[in-house]
Amino acid sequence: MPKLDPKKVQAELDQDHVWPVYWIHGTESMKVREILKRIRKVVLEKRPHPFSAESVFDSQEVDVPSILDAAQSPSLGGGTRLILVRDAHVLKNSEELSPLLGARKKVDELESVVVFISEDLDARKKFSKLLVDQAAVVACEEVLEGDREAWIGYLCKQRGVSLASEQVAHLFTLDPW
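Residues numbered from 1 in each chain as written. Predicted model: local features only at pLDDT ≥ 70, side-chain atom pairs only at ≥ 80, totals over all residues. Heavy atoms only, no water.

1. Notes on the overall build of the chain
Heads up, the rule is: A run of H or I in DSSP counts as a helix once it spans at least four residues, and a run of E counts as a strand once it spans at least two, with each numbered from the N terminus. Throughout, the radius of gyration refers to the C-alpha atoms, and the reference size of a globule is 2.2 Å times the residue count to the power 0.38. In this scheme, a residue with accessible area under 20% of its type's maximum is buried, one over 50% is exposed, and one in between is partly exposed, where area comes from a 1.4 Å probe on protein chains only. Contact between two residues is taken to exist if any of their heavy atoms lie within 4.5 Å; hydrogens are not considered.
Counting its regular elements, the chain contains 6 helices and 7 strands. Across the chain, helices and strands are ordered from the amino to the carboxyl terminus as α-β-β-α-β-α-β-β-β-α-β-α-α. Computed over C-alpha atoms, the radius of gyration of the chain comes to 17 Å, within 12% of the 16 Å expected from 2.2 N^0.38 for 177 residues, which places it in the range of a compact globule. Based on the C-alpha atoms only, the size of the chain along its principal axes is roughly 50 × 40 × 30 Å. For the chain, the residues scored as buried account for 43% of the 177 residues in total. The contacts in the chain between residues at least 6 apart in sequence include a share of 83% that link residues at least 24 apart.

2. Section: the sheet that holds strand 3 (residues 54-58)
Strand pairing in a sheet is mediated by backbone hydrogen bonds. Such pairs are either parallel or antiparallel. Applicable threshold: Two strands qualify as a pair provided DSSP detects at least 2 bridges between them. All axes here are fitted lines through C-alpha atoms, helices being fitted over the stretch that makes contact, and every angle between N-to-C directions spans 0 to 180 degrees.
Taken in spatial order, the 5 strands make up an open sheet running 3-4-6-2-7, and their pairing is parallel. Each having just a single partner strand, strand 3 and strand 7 (136-139) make up the two edges of the open sheet. Sheet twist, expressed as the average angle between the axes of neighbouring strands with direction ignored, equals 15°. With 5 bridges joining them, strand 2 (residues 21-25) and strand 6 (residues 112-118) adopt parallel strand pairing. Bridging from a neighbouring strand, V21 pairs with V114 of strand 6.

3. Regarding the nonpolar core
Generally speaking, nonpolar side chains in soluble globular proteins are found buried as a group. Rules: For this analysis, a nonpolar core means a set of buried residues of the types Ala, Val, Leu, Ile, Met, Phe, Trp, Tyr and Cys, connected via side-chain atoms within 4.5 Å.
Ranked by internal contacts, the top residues of the largest apolar core, which has 25 residues, are V18, Y22, I24, I39, V43, V113 and V115. Residue assignment for this core shows that the elements contributing at least two residues are helix 1 (6-14), strand 2, helix 2 (29-44), strand 4 (81-86), strand 6 and strand 7. At 7 residues, helix 2 tops the list of elements feeding residues into this core. Those residues in contact with V115 that lie beyond four places of it in its chain are Y22, I24, L36, I39, L82, I83, L84 and V85. Membership of the second largest hydrophobic core comes to 23 residues, among which are W23, F57, V64 and L131.

4. Overview of the packing of aromatic side chains
The cut-off we apply is this: Side-chain rings of Phe, Tyr and Trp, where Trp is taken by its six-membered ring, are said to pair if the distance between their centres is within 6.5 Å; with planes under 30 degrees apart they count as stacked, over 60 as edge-to-face, and otherwise as tilted.
Counting across every chain of the model gives 2 aromatic pairs. Aromatic side chains W23 and F127 sit 6.4 Å apart centroid to centroid with 75° between the ring planes, which places their arrangement in the edge-to-face category. Of the two residues, W23 is situated in strand 2 and F127 in helix 4 (residues 126-134); the sequence distance between them amounts to 104 residues. Among the aromatic side chains, those forming a connected cluster through ring pairs are W23, F116 and F127.

5. Some points on the environment of E111
Along the polypeptide, E111 turns up in the loop between strand 5 (105-106) and strand 6. Residues E111 and A71, 40 residues apart in the sequence, show an inter-C-alpha distance of 7.6 Å. Every residue in contact with E111, bar those within four places of it in the chain, is listed here: Q72, G79, T80 and R81.

6. Considerations on the pairing of strand 3
Counted only if it meets this: By convention, a crossover is right-handed whenever its connection, traced from the first strand over the helix to the second and viewed with the strands pointing away, goes clockwise.
Pairing of strand 3 with strand 4, which is carried by 5 bridges, proceeds in the parallel orientation. Residue V56 lies in a different strand from strand 4, and its bridge partner there is L84. With helix 3 (residues 64-72) bridging strand 3 and its parallel neighbour strand 4, the resulting β-α-β unit is right-handed.

7. A closer look at helix 3
For clarity, the threshold we go by: Note: the arc covers the axis-to-C-beta directions of the helix.
Within the span of helix 3, buried status applies to V64, I67, L68, A70 and A71. End-on view of helix 3: buried residues confined to an arc of 165°, all on one side of the axis. Residues of helix 3 that are buried in the fold lie against strand 3, strand 4 and strand 6.

8. Some points on the environment of K126
Among the secondary structure elements, K126 is positioned in helix 4. K126 sits in the exposed class, given a relative accessible area of 68%.

9. Concerning the pattern of salt bridges
Stated precisely, the cut-off is as follows: For salt bridges, the criterion is a side-chain nitrogen of Lys or Arg within 4 Å of an Asp or Glu carboxyl oxygen.
Counted under the stated rule, the structure contains 6 salt bridges. With its nearest N and O atoms 3.9 Å apart, the salt bridge here joins K8 to E12. Placement of both K8 and E12 in helix 1 is noted, with a separation of 4 residues, approximately one turn of the helix. In this structure E12 comes out as buried when scored by relative accessible area, which is 3%. Residues E34 and R159 are paired through a salt bridge, measuring 3.7 Å at the closest nitrogen-oxygen approach.

In structure tokens form, the structure reads like this:
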């Protein structure tokens with residue numbers, strides 16, 4: 001499976017299809033937040049207490065066995081657990097996470113969905129090759145100048161904000177925006 005475009009991930013999520021592992025990397029934090037928000041919604045939206053089924057780890061403070069244990073432990077109240085791992089690029093022995101990898105499925109067919117947020121995907125590592133083959137790898141690179149207006153429109157719509165054309169033009173020119 002090649003790296004996935006964020007729009008492809010959204011189309012899969014719209015059909016309640018999720019991957020057991022997402023490796024989201026890149027410099028554009030706005031895209032990372034939007035993808036994570038959508039994954040979180042699909043995985044947790046039908047749960048009565050969604051935050052009881054979510055665990056957040058910082059890779060600088062946790063080891064791989066702890067992540068594996070969290071992902072393989074049943075969720076309180078049943079359903080799919082969401083495991084978020086920040087700064088995944090600093091994980092040591094990441095190849096030990098291989099048992100988590102697998103094919104895309106309906107959300108209710110998975111015990112857990114693990115989302116790794118990383119600065120990059122180091123193609124030199126053996127685990128990175130496994131990720132590309134057996135997980136959803138999503139690059140969140142800088143929004144190109146030609147796409148900025150569409151992103152501004154999308155974000156305004158999501159937040160119920162209306163901007164005048166001169167405000168949009170001003171936002172379009174900000175750097176970094």
